[in-house]
Amino acid sequence: MERLEFGKLLLILPELNRFQLRALVKRVNGDLEKDDVNYVAEKRCDSLSACPHCDYKAFVRWGHSGEQQRFKCKQCHRTFNEFTATPFARLKHRGKRLARYAQCMMEGLSLRQSAERCDMNLATSFHWRHRFLRQPECHRASTLGGIVEADEAFFRESFKGKRNITHRQPRKHGRPGRDGANPLIPVLLLLDRYEREADFVLSTNSLDEITPCFSGRIKTDSVLCTDGSSLYPSIAEGEGLHHRPVPIGTPGRTKGGGAFHIQTLNNYISRLRSWLQRFRGVGTEYLSNYLGWWRIVTQRKLETSRAWLEEGMLT
Ligand SMILES: [Zn+2]
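Residues numbered from 1 in each chain as written. Predicted model: local features only at pLDDT ≥ 70, side-chain atom pairs only at ≥ 80, totals over all residues. Heavy atoms only, no water.

*Asks:* So what exactly am I meant to see when it comes to the packing of helix α4 (residues 111-118) against helix α5 (residues 122-132) here?
*Replies:* Between two packed helices, what matters for the description is the angle formed by their axes and the separation of those axes. Here α4 crosses α5 at 105°, and the two axes come no closer than 9 Å. Between α4 and α5, the crossing angle belongs to the class labelled roughly perpendicular. Where α4 abuts α5, its residues Leu111, Arg112, Ser114 and Ala115 lie against Leu122, Ser125, Phe126 and Arg129. In terms of residue class, the contact of α4 with α5 is built from four nonpolar, two polar and two charged. (Axes fitted to C-alpha atoms, helices over the stretch in contact; angles between N-to-C directions. Helix = DSSP H or I, 4+ residues; strand = E, 2+ residues; numbered from the N terminus. Parallel < 35°, antiparallel > 145°, perpendicular 65-115°, else oblique. Contact = heavy atoms within 4.5 Å. Nonpolar A, V, L, I, M, F, W, Y, C, P; charged D, E, K, R; others polar.)

What follows is the structure, given as structure tokens:
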């Protein structure tokens, strides 16, 4: 549109009543959301160098499906679009809802709130959320260094969303489980002072399970601070790390009392627990996904829905 005509359009705006203004805002927001989706689709399209089905390098444009460009592979003859083999493949009404759902992820909304805002049912909302959280591995720090804090946090086992629980008796609401009926799931967390973090959901906090989580992840000669658990000395030795155990009661364990402490990690875990409360319990099966979400929130600090889309699509 010409600048002059756009100026005329702006001059008309004060003449609109509030219903017309709201309709206009809704329309503009819808267009902006579509624009975000088109932007990541185009970016992905530019980076497409091989067929996502067979990895063959030669493919041709093969018409459109809706607004989506389709391609056809010259070897396997299968068709695909920009979203094929990404977490957002085969989601219905992507253009209308994907950017809005990304906004819900950014705001950390509950399933129900996201469903309402995106005009979908609860099951679809659940499905979409886990599409966004499909790649938690991508953001798990592969290298940590300097002063690295390690500790385990425990989360109550949960079968939220499961219809058939056969291996234990159901619990009454508000009552703690009997011994063995309500186990805690250990999660190992590693955090360095550059805010790089890696976490691992374990079945037991044993040496056998914890040792592989370290395997070359921390630069040699780094200092490993732990709570003094007997599990860590041998791991530190095996990985070539200086071990500084700081059990409860050690002078300098708390913040401000020296560089070697595990307060940064304790604080990280405490903020994680507060953040998780909004979901009123997280199914153990999906715990790793939620830890990945928290990692994105705290480390990547993505501030636009477009950034969330790029994160899900292009990493
Ligand atoms: Zn192919």
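Past the structure itself, the notes keep going.
*Asks:* Got a minute to help me understand the coordination of the zinc ion in this structure?
*Replies:* Each donor-metal-donor angle would ideally measure 109.5 degrees in four-coordinate tetrahedral geometry, or 90 or 180 degrees in six-coordinate octahedral geometry. Surrounding the zinc ion are the protein donor atoms Cys51 (SG), Cys54 (SG), Cys73 (SG) and Cys76 (SG), at 2.3 to 2.4 Å. Given four donor atoms and angles of 102 to 118° at the metal, the environment of the zinc ion is assigned as tetrahedral. Of the residues examined, Cys51 reaches a relative accessible area of 2% and is grouped as buried. (Donors = N, O, S within 2.8 Å, 3.2 Å for Na, K, Ca; no water. Tetrahedral: all angles 85-135°; square planar, octahedral: opposite > 155°, others 65-115°. Buried < 20%, exposed > 50% of the residue type's maximum accessible area, 1.4 Å probe, protein only.)

*Asks:* So what exactly am I meant to see when it comes to the sheet that holds strand β4 (residues 147-156) here?
*Replies:* Sheet strands line up and pair through hydrogen bonds in the backbone, either parallel or antiparallel. Taken together, the five strands give an open sheet; going across it, the order is β6-β5-β4-β7-β8, and neighbouring strands pair in mixed fashion. With one partner strand each, in any of the chains shown, β6 (197-201) and β8 (242-245) form the two edges of the open sheet. Each neighbouring strand pair of the sheet contributes to a mean axis angle of 25°, computed without reference to strand direction. The pairing of strand β7 (residues 223-226) with β8 spans four bridges and is classified as parallel. (Pairing = 2+ DSSP bridges.)

*Asks:* Just to check I follow, could you spell out the nonpolar core for this structure?
*Replies:* One finds Leu98, Phe132, Leu276, Trp293, Trp308 and Leu309 to be the most contacted residues of the largest nonpolar core, which totals 43 residues. Ranked by size, the runner-up nonpolar core spans 19 residues in total, among them Ala141, Ile218, Leu224 and Ala236. (Core = buried A, V, L, I, M, F, W, Y, C linked by side-chain atoms within 4.5 Å.)

*Asks:* Just to check I follow, could you spell out a nonpolar patch on the surface for this structure?
*Replies:* Taken together, the side chains of Met1, Phe6, Leu9, Leu10, Ile12, Leu13, Leu21, Leu24, Val28 and Leu32 define a hydrophobic patch exposed on the protein surface, amounting to about 890 Å² of accessible area. Elements represented by at least two residues in the nonpolar patch include exactly α1 (3-12) and α2 (18-47). Following the sequence through the fold, Ile12 ends up in helix α1. We classify Ile12 as partly exposed; its relative accessible area is 41%. (Patch = residues over 30% accessible without salt bridge, like charges linked within 9 Å, V, L, I, M, F, W, Y side chains within 5 Å. Areas by Shrake-Rupley, 256 points an atom, 1.4 Å probe, with all protein chains shown as cover. Salt bridge = Lys/Arg side-chain N within 4 Å of Asp/Glu carboxyl O.)

*Asks:* Would you mind showing me how to read the sheet that holds strand β2 (residues 68-73) here?
*Replies:* Pairing is antiparallel in the open sheet, where three strands are placed in the order β1-β2-β3. The open sheet has two edge strands with one neighbour each: β1 (59-65) and β3 (79-80). Summarising the sheet, β2 and β3 pair through two bridges and their orientation is antiparallel. What sits directly across from Phe71, in β3, is Phe80.

*Asks:* Looking at this structure, how should I read the packing of aromatic side chains?
*Replies:* To describe a pair of aromatic rings, one takes the distance between the centres and the angle between the planes. Throughout the structure, instances matching the rule amount to 15 aromatic pairs. The interplanar angle of 65° and the centroid separation of 6.2 Å between the aromatic rings of Phe214 and Tyr232 together place this pair among those described as edge-to-face. One end of the pair, Phe214, is in helix α6 (residues 207-214); the other, Tyr232, is in helix α7 (residues 232-239), with 18 residues separating them in the sequence. Residue classification places Phe214 among the buried residues on the basis of a relative accessible area of 0%. Residue classification places Tyr232 among the buried residues on the basis of a relative accessible area of 0%. Site record: aromatic cluster; members linked through ring pairs are Tyr268, Trp275, Phe279, Tyr290, Trp293 and Trp294. Over the ring of Phe83 we find Arg94, and its NZ or CZ is 4.0 Å from the ring centre. (Phe/Tyr/Trp six-rings, centres within 6.5 Å; stacked < 30°, edge-to-face > 60°. Lys NZ or Arg CZ within 6 Å of the ring centre and 35° of its normal.)

*Asks:* Honestly, the environment of Ala102 in this entry has me stumped. Any pointers?
*Replies:* In this fold, Ala102 is placed in helix α3 (residues 94-107). A relative accessible area of 0% places Ala102 in the buried class. Discounting residues that sit within four places of it in the chain, Ala102 has contacts with Phe132, Ser305, Trp308 and Leu309.

*Asks:* Would you mind showing me how to read α6 here?
*Replies:* Owing to its 3.6 residues per turn, the α-helix aligns residues three or four sequence positions apart on the same side. Looking at α6, one finds that the buried residues are Ile210, Cys213 and Phe214. Down the axis of α6, the smallest arc covering the buried residues is 100°, so these residues share one side. Pointing more than 90 degrees away from the buried face of α6 are the exposed residues Asp208 and Pro212. Those residues of α6 hidden inside the fold are in contact with β4, β5 (184-192), β6, β7 and α7. Immediately downstream of α6, the backbone of Gly216 shows phi near 70°, a positive value. (Arc of directions from axis to C-beta.)

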